[in-house]
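Spelled out from the first residue to the last, the chains are:
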Amino acid sequence: MDTPYAPPVVCPRLIGREAHLAALDRALEQAQAGAGRTIVISGEAGIGKSRLLAELTTHTHGQNMLVLRGACFETDRALPYAPLLDLLHVLAAESPAARGEVAGGDIGELRALLPDPAAHLPNVLCTPVIDPAAAQARCFAALVRLVGHLAEMRPLLVVVEDLHWSDETSLDFLLMLARRVVSLPILLLLTFRSDDVNPELRHLLAQLDRERLAAEMRLAPLTRGEVDLMLGAIFDLQRPARAEFRDGIYTLTEGNPFFIEELLKSLTAAGEVFYADPWRDPVPLLGRHIPRTVQDAIQRRVGRLSAAAHELLVVAAVAGRRFDVSVLQAILGCDEAGLVARIRELIAAQLVVEESADQFHFRHALTQQAVYGALLARERRTLHRAVAETLERWSSPDAEANVADLAHHFFEAGAWLKAQAYARRAGERALALYTPRAAVALFTRALEAAHLGDLASALEVYRARGLAYETIGDFASARADHEMALRLAEATGEREAAWQALVDLGALWSARDFGQAEGYLKRALGLAREMRQPATLAASLNRLGNWYTNAEQPLDAVRYHQEALSIVQDLDDPRSRAETLDLLGTAKGLGGDLMQAVVYIRQAAELFRELDDRRGLVSMLASLEIDAGYYLHEAVVCAGLDPADVGRDGELALGMARRIDWPAGEAMTHVFLAFALGTRGHYARALEHAGTGLALAEEIAHRPWMAGAYLALGGLCLDLFAIPCAIRHLENALAMAQESRSHVFARYAAAKLASACVGHRELDRAQTLLDAAMGEDRPMQTLAQRQCWLVRAELAVARGDGGRALEIVDRLNASAANLAAERVIPHVAVLRGVTLARLGRGPEAAASLRAARAEAGAGGLRPLLWRIDVELGHLYRAQGRPADAVAAFDSAWLLVTELSRDVPDDALREDFLCGAAARLPRQRVPSPRQLATAAHDGLTAREREVAVLAARGLTNRQIASTLVISEGTAAVHVKHILGKLGARSRAQIAGWVAQKELDRVPPGVAKHEKDT
């Protein structure tokens, strides 16, 4: 049957997006020059994101630029790598022969994703994943290398559309790619619907913002004037359309370009609008004649299809926005010729778009939704069952590719048992692929099916979903699921399931309230002893032992873990052994024996590597980072670590935590990196990690890591003499620790806050804090206890009680684990040297300070080194050794100057320089000019004036004229500026000037400072 169609209603030119297109063109030019960028384009459905990108793509023609374009579809959320397959299809079509040469050694890693010429399906969808995490990491690396190889051949424009429908794995890859494009000739463009942002996409966008990897371009609806222009362009009008028509179109569509086109298509198809001077006569087109919604417009257009084409469209709408026509053909029972005729009709009606010989998708999601929404519930249920049964017949029993689709269709068909089984399988697959958010959605569907079918089988699904919720940091939902699992287990008498639920609840509460966790863990241990199952008992011993560790009862903790270790050594269970060694190492570490802790942690890390347990590895690598020494390890012997290796293990842990979407592990690693980097004077990175760790911990309300982040920020500010700021952060840390009832963090926070109060001369408050945290009858055993005692010694020195201070530091040395005769604890040795100097025992003081300096130097503890040099300088001067004193003071100031360059905030840098200068003798205190020079990367006042003028684009001759100097002198100044900043161009000078906000100061204002 032939069906007449009006010509397509598509605006022939881009309206209202000129500024956006110009910005993208500039980004394209920058990418071609080697400065890659990532831009995220957002807006509501139909706002014109795809049209804008299509227009941009035409600008690449003839520019020797490769365009890779992929798209996401609604059914892709549980399908890893879905949009990336589109990119590979484009690459394969571009040059199949060259593909293998470009990929080189990576072709093996990518073979599972490359298009299968026989089936036109990615092989990975039909192959069970044996080692998903490792395969994902290898595939990511191979894809990044492939993109890098392509970019070396010619610049790339990489476009991925509709990220709101993307699977988690692809989002993770896009984040990795965004980190790489900054150094490659690549423009990466990502689009999403601003009104359909799911948690996975929100996490990606937050990460892009946090790391400053992307700029966002938001598309707003068209204005009334722009809608007028669009109508004029579509109908090639010589004069404006009638006001009532224009106003009606704007009111109905609210300036959405897609809605406008769809509405006009409906009107032209119905014969109510014609291309030839359509509004000469005052015909009332609105209200009664124009559909009130775009869905109505689509339905009117659909109504003009033949019965056969409409039948295919309806089944396609049930199958999903992307559909396989072979499935539809099997359901409808039509022959090939009939199928092709129907598809052609749908394409001609601009309802669907062809992707490949078998794959098609609806032109817009609203089209599919409108068709689907018009069906009766009974019709939808029948068609969902037909689609599900067809897919099931075509899938092998062990195939995992279609389980998510099968779960969806059987659920909508009301086949609850099958829906539950497939949804559970799909959820387990999502967890195995480290996509917990997709797992939550799938387990939720399984539970909905269970409630409508067989509730008894829901227990394990509740536990699995609870663990997925816990991974993504949703405490309330995880708690509800674990409590439900416990109730179901107790109701059915399943003791092992009840024990598991108790352990899960105890572990969950440990991130919020250790007091709540205790009850669950003790109940679990009692039940485990009754059950007499070795593995179960060992797991319970470990969980309760870890609780005792955090309660600052390390002897009890070690006892529980040692009992667990004796059990698991007789079991063929490397995972249980790894977890036991991990927790035993933690107990030893917090108990004050970091050397033994590292031994256990390294053993656990090796087992976790063999098991490919990513969460375990994150914890181990982060622990290795801090066990080499950080702010809260000042009173114990730390494991040795090459200063050059600081941050290496932590960065590895951070990457893993991101890939497996474990925000708690990511927050923990950021905090540990802040501690480790801060003690070695890497202030910029440390501050960034601390801030990011705090933001992540706040997102998931993880109080212990919030306390840890505030501790790190407080320690950094204390190091930089920003005492009021340090006190505020440390007060927050103490509050968070007390809320979570974490004795360890509470004592840490109290000790560091008391130290800040000593530095601020609030000695009585420092005493009160220490007394509240720990009485003087407590031992010097755990890390937190020893830290409190160290600050008590600081307080005694501040009060002039050298005898008391010396008694404390000597006891700290005597009680330290692994303190060999040739080694010292740097901070304790410094405090001992200062105390001895106050007591007039100069030679002993000098020996203690020199020993501390040697140990601090070996560990790269630069912030402590300059403080030691200051104390040595004062001691040498008191001993009548002026040359040695001057050398020590000069060494201290050199270190201070070096460290100040890594302080990213001007106010903090000024606090640091002034605080350091106050500790030097008056004749060694730098002048205001020297302080300003140090604060501006060594540039003198005159050089800063020259830099400002150079940033404004002035030539050397113009600079000379402005400052009344010779042109040669101006050239010398510019040369010195480039050298001091490590810059290669005036553009980089301009960037530095903007960063320092010097362009706000007119040239000449530094003259007074220069003359001072």
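Bear in mind the structure is a predicted one, so any value in this text is a computation, not a measurement.

Asks: Is there a simple way to explain the environment of Arg304 in this structure?
Replies: Along the polypeptide, Arg304 turns up in the loop between helix H12 (294-302) and helix H13 (307-319). In this structure Arg304 comes out as partly exposed when scored by relative accessible area, which is 35%. Here the alpha-carbon distance between Arg304 and Ala349, two residues 45 residues apart in the chain, equals 9.1 Å.

Asks: Any chance you could explain the sheet that holds strand S6 (residues 322-324) here in plain terms?
Replies: Strand-to-strand pairing in sheets goes through backbone hydrogen bonds, with the strands running parallel or antiparallel. Strands sit in the order S6-S8-S7 across an open sheet of three strands; the sheet is antiparallel. In this open sheet, the two strands that pair with only one neighbour each are S6 and strand S7 (352-354). If you compare each strand with its neighbour and ignore which way they point, the axes differ by 30° on average. Relative to strand S8 (residues 359-362), S7 runs antiparallel, the two being bridged by three bridges. Residue pairing for S8: Val352 is matched across the bridge by Phe362.

Asks: Would you mind showing me how to read the side chain of Thr669 here?
Replies: With respect to the helices and strands, the residue Thr669 is situated in helix H31 (residues 663-678). Taking the relative accessible area as the measure of exposure, Thr669 reaches 1% and is therefore buried. For Thr669, the residues in contact, after removing those within four places along its chain, are Val618, Ala622, Gly650, Ala653 and Leu654.

Asks: Explanation requested: the packing of helix H21 (residues 459-472) against helix H22 (residues 475-492) in the structure shown.
Replies: Think of two packed helices as two axes; the pair is described by the angle between the axes and how far apart they sit. In the contact formed by H21 and H22, the axes pass within 8 Å of each other and the chain directions differ by 160°. One finds that H21 runs roughly antiparallel with respect to H22. Regarding H21 and H22, the two cross each other, and that crossing is left-handed. Residues Leu459, Tyr462, Arg463, Arg465, Gly466, Leu467, Tyr469 and Glu470 of H21 form the contact with H22, whose own contacting residues are Ser477, Ala478, Asp481, His482, Met484, Ala485, Leu488 and Ala489. For the contact of H21 with H22, the per-class residue count stands at nine nonpolar, three polar and four charged.

Asks: Would you explain the pattern of salt bridges in this entry?
Replies: Here the idea is simple: oppositely charged side chains can pair when their charged atoms come close. Using the criterion set out here, one finds 45 salt bridges in the structure. When the shortest N-O distance is used, the salt bridge between Glu530 and Arg495 registers 3.1 Å. On the criterion of sequence distance, the pair formed by Glu530 in helix H24 (residues 514-531) and Arg495 in helix H23 (residues 495-509) is long-range, its members being 35 residues apart. Across the pair Glu563 and Arg529 runs a salt bridge whose closest N-O atoms are separated by 3.5 Å. Remark: Arg529 occurs in helix H24 and Glu563 occurs in helix H26 (residues 554-568); sequence separation between them is 34 residues. For Glu563, a relative accessible area of 29% gives the class partly exposed. Overall, Arg529 belongs to the partly exposed group, its relative accessible area being 39%. Several salt bridges share partner residues, and in doing so they unite Asp771, Glu776, Arg792, Arg804 and Glu807 into one network.

Asks: Is there a simple way to explain the packing of aromatic side chains in this structure?
Replies: Two aromatic rings, taken as a pair, are described by how far apart their centres are and by the angle between their planes. Enumeration over the complete set of coordinates arrives at 15 aromatic pairs. Residues Phe721 and Phe912 carry aromatic rings whose centres are separated by 6.3 Å and whose planes lie at 15° to one another, so their mutual orientation is stacked. Here the residue Phe721 occupies a position in the loop between helix H33 (703-719) and helix H34 (723-739), and Phe912 occupies one in helix H43 (residues 906-917), the gap between them amounting to 191 residues. By the burial criterion, Phe721 is buried, and Phe912 matches it. Relative to Tyr748, the ring of Phe745 lies with its centre 6.3 Å away and its plane at 70°, an arrangement referred to as edge-to-face. Of this pair, Phe745 and Tyr748 both sit in helix H35 (residues 743-759), three residues apart, which is roughly one turn of that helix. One aromatic cluster in this structure is built from Phe672, Trp705, Phe745 and Tyr748. The lysine or arginine in question, Arg792, covers the ring of Trp789, its NZ or CZ lying 5.6 Å from the ring centre. The ring of Trp789 carries the charged tip of Arg811 above its face, separated from the ring centre by 4.8 Å.

Asks: Whenever I open this one, the environment of Pro663 confuses me. Can you help?
Replies: Tracing the sequence through the fold places Pro663 in helix H31. Residues Pro663 and Glu470 lie 193 residues apart in sequence; the distance between their C-alpha atoms is 9.6 Å. Not counting residues up to four positions away in its chain, the partners in contact with Pro663 are Thr471, Ile472, Gly473 and Ile700.

Asks: What is the right way to read the sheet that holds strand S3 (residues 156-161) from this model?
Replies: Strand order in the open sheet formed by five strands is S2-S3-S4-S1-S5, and the pairing between neighbours is parallel. The two strands at the open ends of the sheet, each matched to only one other strand, are strand S2 (66-71) and strand S5 (215-218). Adjacent strand axes in the sheet meet at a mean angle of 15°, parallel and antiparallel pairs treated alike. The pairing of S2 with S3 spans six bridges and is parallel. Residue pairing across strands places Gly70 opposite Val160, the latter belonging to S3.

Asks: Teacher, can you tell me more about the nonpolar core here?
Replies: For soluble globular proteins, nonpolar side chains are generally found buried alongside one another. Of all hydrophobic cores here, the largest spans 236 residues; its most connected members are Phe323 and Trp866. Here this core takes twelve residues from H35, the largest share from any one element. With sequence-adjacent residues up to four places away left out, Phe323 is seen in contact with Ala316, Leu328, Val352, Asp358, Gln359, Phe360, His361 and Phe362.

Asks: Would you mind going over the confidence of the model for the protein with me for this structure?
Replies: Regions with low pLDDT carry predicted coordinates that are not meant to be interpreted in detail. Per-residue confidence for the protein averages 81 on the pLDDT scale, and 84% of its residues sit at or above 70. Of all secondary-structure elements in the protein, the lowest mean pLDDT belongs to helix H49 (residues 1007-1011), at 34, while helix H41 (residues 862-878) reaches the highest, 93. Every residue in residues 1-6 is under pLDDT 50, and counting partners more than four places away or in other chains gives ten contacts. Long-range and interchain partners of residues 274-293, a stretch whose pLDDT sits below 50, account for 45 contacts in this model, where long-range means more than four residues apart.

Asks: When you look at the environment of Ala524 in this model, what are you seeing that I'm missing?
Replies: Among the secondary structure elements, Ala524 is positioned in helix H24. A residue is classified by how much of its surface remains accessible, and Ala524, at 0% relative accessible area, is buried. Taking the C-alpha atoms as reference, Ala524 lies 9.8 Å from Leu505; in sequence the two are 19 residues apart. When residues no more than four places from it in sequence are discounted, the contact partners of Ala524 are Trp499, Leu502, Val503 and Ser540.

Asks: Got a minute to help me understand the pairing of strand S1 (residues 37-43) in this structure?
Replies: Residues in a regular strand point their side chains to alternate faces of the sheet. The element S1 is largely enclosed, with a buried count of six among its seven residues. With four bridges joining them, S1 and S5 adopt parallel strand pairing. By the bridge assignment for S5, Val40 is matched with Glu216.

About the thresholds
By convention here, each chain's residues receive numbers from 1 onward along its written sequence. Reporting in this predicted model follows two pLDDT cut-offs: at least 70 for local features of residues, and 80 or more for side-chain atom pairs to be given and counted; totals over whole chains, interfaces and linings ignore these cut-offs and use all residues. With hydrogens and water stripped out, all remaining heavy atoms of the structure feed into the side-chain values. Numbering of helices and strands runs from the N terminus; a helix is a DSSP stretch of H or I covering at least four residues, while a strand is a stretch of E covering at least two. With a 1.4 Å probe rolled over the protein chains alone, any residue whose accessible area is under 20% of its type maximum counts as buried; one over 50% counts as exposed, and the rest are partly exposed. Paired strands, as defined in this entry, are two strands with at least two bridges between them according to DSSP. Every axis in this analysis is a line fitted to C-alpha atoms, fitted for helices over the stretch in contact. Angles between the N-to-C directions lie between 0 and 180 degrees. Every residue pair with non-hydrogen atoms within 4.5 Å of one another is taken to be in contact. Geometric relationships in this document are graded by angle, where less than 35 degrees denotes roughly parallel, more than 145 denotes roughly antiparallel, 65 to 115 denotes roughly perpendicular, and other angles denote oblique. Two helices crossing with the near one rotated counterclockwise from the far one by less than a right angle form a left-handed crossing, whereas a clockwise rotation gives a right-handed crossing. Residue classes follow a fixed rule: Ala, Val, Leu, Ile, Met, Phe, Trp, Tyr, Cys and Pro count as nonpolar, while Asp, Glu, Lys and Arg count as charged, and any other residue, Gly among them, counts as polar. By definition here, a salt bridge exists when the distance from a side-chain nitrogen of Lys or Arg to a carboxyl oxygen of Asp or Glu is within 4 Å. Stacked, tilted and edge-to-face are the three classes applied to pairs of Phe, Tyr and Trp rings, where Trp contributes its six-membered ring and a pair requires centres within 6.5 Å; stacked means planes under 30 degrees apart, edge-to-face means over 60, and tilted covers the rest. For a lysine, the NZ atom is tested; for an arginine, the CZ atom; a charge sits over a ring if that atom is within 6 Å of the ring centre and within 35 degrees of the ring normal. Nonpolar cores are built from buried Ala, Val, Leu, Ile, Met, Phe, Trp, Tyr and Cys residues. Side-chain atoms within 4.5 Å join them into one set. A residue's pLDDT is the predictor's confidence in that residue, given on a scale from 0 to 100.

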